[in-house]
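What the coordinates show
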Amino acid sequence: MRRSIVRRCYATAGGYVFAKSAEEIAREQGLSRVARLASNENPSPPSEATIAAGLSALKEGNRYPPARQEAVVDALRRVHGDHAFLLGNGMDGVIETVVRTVVEPGDRVVISTPTFSFYGLAAAAQGAEVVEVPREPDFSVDPTKFIEACRGAKLAFLCTPNNPTGDVVPVEAVRKILDGIDCLLFLDNAYIEFSDADYRPLMQEYDHLIEGRTMSKAYSLAGVRFGYAFVPEWLAPHLEQAATPFAVNCVALAAAEAALADQAHIDEVVAHVRQWRERFMTEIPFPVAPSEANFVLIDVAPMTGDEAMERLAEGGVVVRSCRSFPGLEDRYIRVCIGADWENELFLEKVRDLQ
Ligand SMILES: *Cc1c(COP(=O)(O)O)cnc(C)c1O
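Thresholds, definitions, all that
- Residues numbered from 1 in each chain as written.
- Predicted model: local features only at pLDDT ≥ 70, side-chain atom pairs only at ≥ 80, totals over all residues.
- Heavy atoms only, no water.
- Helix = DSSP H or I, 4+ residues; strand = E, 2+ residues; numbered from the N terminus.
- Rg over C-alpha atoms; globule rule 2.2 N^0.38 Å.
- Contact = heavy atoms within 4.5 Å.
- Areas by Shrake-Rupley, 256 points an atom, 1.4 Å probe, with all protein chains shown as cover.
- Disulfide = S-S within 2.5 Å.
- Domains from an automatic or database assignment.
- Buried area = accessible area lost by both parts, 1.4 Å probe.
- Salt bridge = Lys/Arg side-chain N within 4 Å of Asp/Glu carboxyl O.
- Nonpolar A, V, L, I, M, F, W, Y, C, P; charged D, E, K, R; others polar.
- Buried < 20%, exposed > 50% of the residue type's maximum accessible area, 1.4 Å probe, protein only.
- Axes fitted to C-alpha atoms, helices over the stretch in contact; angles between N-to-C directions.
- Parallel < 35°, antiparallel > 145°, perpendicular 65-115°, else oblique.
- Left-handed = near helix turned anticlockwise from the far one by under 90°.
- Arc of directions from axis to C-beta.
- Near = heavy atom within 4 Å.
- Polar contact = N/O pair within 3.5 Å; in protein donor to acceptor, adjacent residues only side chain to side chain.
- Patch = residues over 30% accessible without salt bridge, like charges linked within 9 Å, V, L, I, M, F, W, Y side chains within 5 Å.

Overview of the overall build of the chain
A count of helices and strands for the chain gives 14 helices and twelve strands. The C-alpha atoms of the chain give 20 Å as radius of gyration, which agrees with the globular expectation for 354 residues (20 Å, within 12%). Overall, the chain is about 55 × 55 × 50 Å in size when its C-alpha atoms are taken along their principal axes. Sequence-distant contacts in the chain: of pairs separated by 6 or more residues, those separated by 24 or more amount to 72%. Total accessible area computed for the chain in this model is approximately 16,700 Å², and 50% of it derives from carbon and sulfur atoms.

Points about the state of the cysteines
The bond known as a disulfide is covalent and runs between the sulfur atoms of two cysteines. Here the structure, examined in full by the defined rule, presents zero disulfides. Free cysteine: Cys322, not disulfide-bonded; nearest cysteine sulfur from Cys336 at 12 Å.

Side note on the domain arrangement of the chain
Domain assignment breaks the chain into domain 1 (2-45 + 263-351) and domain 2 (48-260). Distance between the C-alpha centres of domain 1 and domain 2: 23 Å. Counting residues at the interface gives 33 residues for domain 1 and 30 residues for domain 2. With both sides pooled, the region where domain 1 packs onto domain 2 buries about 2,400 Å², and carbon together with sulfur makes up 59% of that total. On the domain 1 side of the interface with domain 2, the three residues burying the most area are Tyr16, Ile266 and Glu292, jointly 23% of the side's total. Summed over the shared surface of domain 1 and domain 2, the result is one salt bridge. Linking Asp196 and Arg274 is a salt bridge whose minimum nitrogen-to-oxygen distance equals 3.0 Å. Listed by contribution, the elements that provide at least two residues to the side of domain 1 that touches domain 2 are helix 1 (8-11), helix 12 (263-283), strand 9 (295-299) and strand 12 (332-336). When residues in the side of domain 1 that touches domain 2 are grouped by element, the largest group, seven residues, is from helix 12. Of the residues belonging to the side of domain 1 that touches domain 2, the class tally is 18 nonpolar, nine polar and six charged.

Some words on the environment of Ala313
Tracing the sequence through the fold places Ala313 in helix 13 (residues 305-314). For Ala313, a relative accessible area of 10% corresponds to the buried category. Expressed as a C-alpha distance, the spacing of Ala313 and His272, which sit 41 residues apart in the sequence, is 24 Å. Here Ala313 is in contact with Ile25, Gln29 and Leu31, once residues within four sequence places are set aside.

Section: the packing of helix 4 (residues 70-80) against helix 11 (residues 250-260)
Contact pair helix 4 / helix 11: the axes reach a minimum separation of 9 Å and the direction vectors enclose 20 degrees. The orientation of helix 4 with respect to helix 11, classified from their angle, is roughly parallel. The crossing of helix 4 and helix 11 is left-handed. Residue-level inspection shows Ala71, Val72, Ala75, Leu76 and Val79 of helix 4 in contact with helix 11, the latter providing Leu253, Ala256, Glu257 and Leu260. In terms of residue class, the contact of helix 4 with helix 11 is built from eight nonpolar, no polar and one charged.

Let's talk about helix 8 (residues 171-180)
All buried positions along helix 8 are accounted for by Ala173, Val174, Ile177 and Leu178. The buried residues of helix 8 occupy an angular sector of 140 degrees when projected down its axis, which confines them to one face. Seen from the open side of helix 8, the exposed residues pointing more than 90 degrees away from its buried face are Glu172 and Asp179. Residues of helix 8 that are buried sit in contact with helix 7 (143-149), strand 5 (155-159), strand 6 (184-188), helix 9 (200-205) and strand 7 (209-214).

Observations concerning the site of the ligand
Around the ligand, the surrounding shell holds 14 residues, and the nearest of these are Met91, Asp188, Tyr191, Thr214 and Lys217. Between the ligand and the protein, one listed contact pairs a nitrogen atom with a side-chain N or O atom of Asp188 at 2.5 Å. Within the contact set of the ligand, an oxygen atom lies 2.5 Å away from a side-chain nitrogen or oxygen of Thr214. In isolation the ligand offers 380 Å² of accessible surface; the protein chains occlude 94% of this area. When residues in the shell around the ligand are grouped by element, the largest group, three residues, is from helix 5 (residues 90-102).

Things to note about the packing of helix 12 against helix 14 (residues 340-352)
Each pair of packed helices gets described by two things: the angle between the helix axes and the distance between those axes. Look at helix 12 against helix 14: their axes get within 11 Å of each other, and the N-to-C directions meet at 10 degrees. Relative to helix 14, the element helix 12 is oriented roughly parallel. Counting all contacts with helix 12, which are made through His272, Trp276, Arg279, Phe280 and Glu283, the residues of helix 14 involved are Asp340, Asn343, Glu344, Phe346, Leu347 and Arg351. Class assignment for the residues of the contact of helix 12 with helix 14 results in four nonpolar, two polar and five charged.

Some thoughts on a nonpolar patch on the surface
Taken together, the side chains of Ile5, Val6 and Tyr10 present a nonpolar region at the surface, about 310 Å² in accessible area. Tracing the chain through its elements places Tyr10 in helix 1.

Shown next, in the form of structure tokens:
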């Protein structure tokens, strides 16, 4: 009985794949510190002002957060202009709310693989039929194939810059897709701050587009959990109705508000990433996919992703094996740009893999 009440999609092993913890690897290898390059996090802690805002909000942690989050929405408007926004417990929370709002059991949801796994997991949780459209051998998205797969679908996900490949879908290709589909398109812009692309103007032209963002990457708030999305005006009240009440906690609201006002922190972070991305592209002795994100995808063949990951872990560097990404051959690792010492250590150890 106990077992039989669990839904089929959760009855067997699977789900989100977490990177091996740095603490675990340090213990296994007997090392005092390891380079944490597996989760695309920001190596810089939040700024002093952001920390102070979060601490101060915690002092009122006995109260529920405000029902209308005007302060953080005002901060978003100061950065992005006047839009309708959906907030969430990380972008993962935003994705969950969007899926819950529009997907009925049996509805078709389209994803372009290889990509971030949570779209498929969130859609499956809602009983969707998930359709995967493989990217081209160079990882680009063919708009015609994508449009074709979206026929009869309710919702489609497109990640740009894409995790784990790092490449950007050109704005014109996204426009072509939007012109060709009837369903809602969720554009995941988790890494947009590290790229030159800007899809925000499309929000003015299309009312079947959502652009998701997170403060987990460029804004140094992965552990605080704050994500948001630009949403069409007509959809906003329905999303609000479907969202979990008080999904964004008071510390996250205050920290996000302060971090959004701190452009200097972002400029510094982005400059650091761009500089190291250049060095990674030229100094890694394996093929590296061109990246506009804070990570690179490395083809370690003839090794498998797991082999390379394990050998790097022995040297005190934690990276992500891409074995678990559907639609990607088992010969890739994903490595994010960390602090200077972490990147130097990685470059040294990756040379030893040859
Ligand atoms: C990290 C990541 C997210 C999730 O971000 P959170 O805000 O931490 O939930 C969403 N999409 C992609 C592609 C990511 O890599």
